[in-house]
Amino acid sequence: GLGDVYKRQGLALSLQRQHKPAVEAFMRSLGLLYQQPEIHLNLGLSLAASGHSQQAEQAVKNALSIQPDFERARVALQKIQQSIAKAMLQRVNANN
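K.L.:
Quick rundown of the side chain of S29? Include the residues and the values.
P.N.:
Here S29 is to be found in helix α2 (residues 19–32). Overall, S29 belongs to the buried group, its relative accessible area being 0%. Each residue touching S29, except ones within four places of it in the same chain, is listed here: G3, Y6, K7 and I39.

Given below as structure tokens:
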């Protein structure tokens with residue numbers, strides 16, 4: 001269906017490092033296929049790659065809420081959270 005078309009489009013765009021259009025495609029896909037954790041994960045990865053760590057974290061958490069044993073999402077969430085913590089630490093150090 002159309003949701004799968006958007007999902008494939010998002011994957012192709014993310015492989016080409018076109019993360020903003022990939023995010024848009026994954027969002028369209030989720031509008032039709034919300035219960036697919038893989039799409040939430042891919043959305044999160046594209047958001048993280050485009051510098052939107054907070055939104056990326058939420059997207060990956062959505063994947064895990066649908067499928068709690070989704071190991072790739074768990075690993076991605078850990079990396080995203082480490083990235084957020086590192087950025088916060090850098091801001092604190094820059095202000096001191």
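K.L.:
An account of the nonpolar core is needed here, citing residue identities and associated values.
P.N.:
In terms of nonpolar packing, the biggest core is built from 21 residues, with L41, L43, L47, V60, F70 and A73 touching the most fellow members. The set of elements that each furnish at least two residues to this core consists of α2, α3 (37–49), α4 (53–66) and α5 (71–94). Excluding residues within four positions of it along the chain, V60 makes contact with H40, L41, G44, A73, A76, L77 and I80.

K.L.:
Hey, could you go over the environment of P37 for me, with residue numbers and the actual values?
P.N.:
By the element assignment, P37 lies in helix α3. C-alpha separation for the pair P37 and V60, spaced 23 residues apart in sequence, amounts to 8.3 Å. Every residue in contact with P37, bar those within four places of it in the chain, is listed here: A63, I66, Q67 and F70.

K.L.:
Please provide a residue-by-residue account of α2, values included.
P.N.:
The end-to-end C-alpha distance of α2, which contains 14 residues, comes to 20 Å, matching closely the 20 Å that a straight helix rising 1.5 Å per residue would cover. When α2 is considered as a whole, its buried residues turn out to be H19, A22, V23, A25, F26, S29 and L30. Seen end-on, α2 carries its buried residues on one side only, within an arc spanning 165°. Facing away from the buried side of α2 by more than 90 degrees, the exposed set consists of K20, G31 and L32. Tucked into the core, α2 has its buried residues touching α1 (2–15) and α3.

Conventions adopted
Residues numbered from 1 in each chain as written. Predicted model: local features only at pLDDT ≥ 70, side-chain atom pairs only at ≥ 80, totals over all residues. Heavy atoms only, no water. Helix = DSSP H or I, 4+ residues; strand = E, 2+ residues; numbered from the N terminus. Buried < 20%, exposed > 50% of the residue type's maximum accessible area, 1.4 Å probe, protein only. Contact = heavy atoms within 4.5 Å. Core = buried A, V, L, I, M, F, W, Y, C linked by side-chain atoms within 4.5 Å. Expected span 1.5 Å × (residues − 1). Arc of directions from axis to C-beta.

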